[in-house]
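Listed below, chain by chain, are the residues.
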Amino acid sequence: METKWLEDFISLVETNNFSRSAQLRHVTQPAFSRRIQSLENWLGTDLVDRTTFPTRLTPAGLVFYEQALEMLGQINGVRELLRHKRAAARTTIDLAVPHTLSLTFVPKWITGLEGEFGTINSRLMALNVHDAVLQLVDGGCDLLLCYHHPRQPVQLDPGRYDMLVMGREALRAYARCDKAREPAFRLPGRKNAPLPFLSYTTNAYLGRMVDLILADARPALHLDKRYETDMAEGLKMMALEGRGIAFLPESAVTREVKTKQLARADEGGQWEIEMDIRLYRERPSAARPGKPIVAQLWEFLAERLQPRASKRRVPASER
């Protein structure tokens, strides 16, 4: 049994709605439903009465709800106890980061920070976007770095979490270069000759970004899905093998584009999308003050990211 199954079930009981709980848990409704079913399979009994609407628990579900609260409380209590015993953790910044950003953005970002801020001791957890967000919500990390787009937002309460925009990232189509150093495949393709398409899985955040590109595409794109994975790095390696077109973050292919191994396959650039790279932290409070090193870094980043205009010197005549 996975802890997140308990959290899913408790959320379902509290909202009494699969769709709302899926939204709060940052997962699609089908995926959320599968996780509730996985919990039921593990327990060997139905927890939800699926013959009625609105959602209602079975007698077993009512009993298990109390047990789930107790089990989750014990698990979190033990985790907090052990964390407080890690003295070294007070000077280490725990980062939850999606896989792609862990490979492309984070190494250069930390190197640049150390040149100005000073030495940073960090522990990086590379996860999918959903689990990275949960790490922050559950207190499992100090900082969350992730992509954000208005049409596929990371929904964190602005009253509880602080946010800084660290940069922008373009998601574009790339293909292997041929002998003439031109892309072997070019969008949009033709209806009677669709282009081989290297796709993200449906539960990948970048996959949802690609879905937005395809939905907005004018003219429509003609693609034939040949391969699927949730890792941008996996799609890049398949594209380098000439297996088709892949939509990849610009930072993930900088070296390959420069060496003419890969090239943009969208010609005019109309089939792309831009995302924020955002940094989140839980706002310090009396009950949860957080680590001093995290507060120092946050203050440094916030000051550095202030608009230049706000720092200009005001003439005496305007004072």
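Anything mentioned here points back to the structure above.
Residues numbered from 1 in each chain as written. Predicted model: local features only at pLDDT ≥ 70, side-chain atom pairs only at ≥ 80, totals over all residues. Heavy atoms only, no water.

Explain the pairing of strand 8 (residues 223-229) to me, and be specific about the residues and the numbers.
Bridge analysis of strand 7 (residues 195-200) against strand 8 gives 6 bridges, and the strand direction is parallel. Considered in strand 8, the bridge of Pro-196 is made with Asp-224. Chirality of the crossover, the property in question, places the unit of strand 7, helix 8 (residues 205-216) and strand 8 among those that are right-handed. (Pairing = 2+ DSSP bridges. Helix = DSSP H or I, 4+ residues; strand = E, 2+ residues; numbered from the N terminus. Right-handed = clockwise from strand over helix to strand, strands pointing away.)

For the pairing of strand 6 (residues 161-176), give the residues involved together with the corresponding values.
Within strand 6, 12 of the 16 residues are buried, leaving the element largely enclosed by the surrounding structure. Here strand 6 pairs with strand 11 (residues 273-282) via 10 bridges, running antiparallel. Across the sheet, Leu-164 pairs through a bridge with Leu-279, a residue of strand 11. By the bridge criterion, 4 bridges tie strand 6 to strand 9 (residues 245-249) in an arrangement that is antiparallel. Counted as the bridge partner of Tyr-174 is Ala-246 from strand 9. Note that strand 6 and strand 10 (residues 262-264) share 3 bridges and pair antiparallel. Note on strand 10: the bridge partner recorded for Tyr-174 is Arg-264. (Buried < 20%, exposed > 50% of the residue type's maximum accessible area, 1.4 Å probe, protein only.)

Tell me about helix 6 (residues 106-116), residues and numbers included.
For helix 6, every residue scored as buried is listed here: Val-106, Trp-109, Ile-110 and Leu-113. Axial view of helix 6: buried residues confined to an arc of 95°, hence all on one face. The exposed residues of helix 6 that point more than 90 degrees off its buried face are Lys-108, Thr-111 and Gly-115. Of the residues flanking the end of helix 6, it is Gly-118, one or two places downstream, whose phi is positive at about 120°. (Arc of directions from axis to C-beta.)

Any chance you could break down the environment of Trp-5 for me, citing the residues and the numbers?
With respect to the secondary-structure elements, Trp-5 resides in helix 1 (residues 3-15). Apart from the residues lying within four places of it in its own chain, the contact partners of Trp-5 are Arg-35, Ser-38, Leu-39 and Trp-42. (Contact = heavy atoms within 4.5 Å.)

Describe empty space enclosed by the protein, and please don't skip the residues or the numbers.
This model, assessed by the stated rule, comprises 1 cavity of 30 Å³ or more. In this model, the largest cavity occupies a volume close to 40 Å³. Counting residues per element, the lining of the largest cavity draws most heavily on helix 6, at 3 residues. Of the residues assigned to the lining of the largest cavity, the class counts are 8 nonpolar, 1 polar and no charged. (1 Å grid on protein atoms, 1.4 Å probe; cavity = no way out; pocket = protein on both sides within 12 Å on 5 of 7 lines; lining within 4 Å. Points joined across faces, edges and corners; volume = space filled by probe spheres on them. Nonpolar A, V, L, I, M, F, W, Y, C, P; charged D, E, K, R; others polar.)

Quick one: what's the story with the packing of helix 1 against helix 3 (residues 29-43), residue by residue and with numbers?
Running from amino to carboxyl end, helix 1 crosses helix 3 at an angle of 110°, the nearest separation of the two axes being 9 Å. Between helix 1 and helix 3, the interaxial angle falls into the category roughly perpendicular. By crossing handedness, the relation of helix 1 to helix 3 is classed as left-handed. Contacts from Lys-4, Trp-5, Asp-8, Phe-9 and Leu-12 of helix 1 reach helix 3 at Phe-32, Arg-35, Ile-36, Ser-38, Leu-39 and Trp-42. Taken together, the residues that form the contact of helix 1 with helix 3 break down as 7 nonpolar, 1 polar and 3 charged. (Axes fitted to C-alpha atoms, helices over the stretch in contact; angles between N-to-C directions. Parallel < 35°, antiparallel > 145°, perpendicular 65-115°, else oblique. Left-handed = near helix turned anticlockwise from the far one by under 90°.)

Would you mind going over the pattern of salt bridges in detail, with residue names and values included?
Summed over the entire model, instances satisfying the criterion amount to 27 salt bridges. Among the ionic pairs, Arg-168 bridges to Glu-274, the shortest N-O distance being 3.0 Å. Taken together, the residues Arg-168 in strand 6 and Glu-274 in strand 11 connect sequence positions 106 residues apart. A residue is classified by how much of its surface remains accessible, and Glu-274, at 36% relative accessible area, is partly exposed. Glu-256 is paired through a salt bridge with Arg-255; the nearest N and O atoms lie 3.5 Å apart. The exposure class assigned to Arg-255 is exposed, which follows from its relative accessible area of 58%. (Salt bridge = Lys/Arg side-chain N within 4 Å of Asp/Glu carboxyl O.)

How would you summarise the packing of aromatic side chains if you had to cite specific residues and measurements?
One pass over the structure, following the stated rule, counts 5 aromatic pairs. On the basis of an interplanar angle of 85° and a centroid distance of 6.2 Å, the ring pair of Phe-197 and Phe-247 is categorised as edge-to-face. Of this pair, Phe-197 sits in strand 7 while Phe-247 sits in strand 9; the two residues are 50 residues apart in sequence, bridging distant segments of the chain. Comparing Phe-197 with Phe-247, the two get one shared label, buried. (Phe/Tyr/Trp six-rings, centres within 6.5 Å; stacked < 30°, edge-to-face > 60°.)

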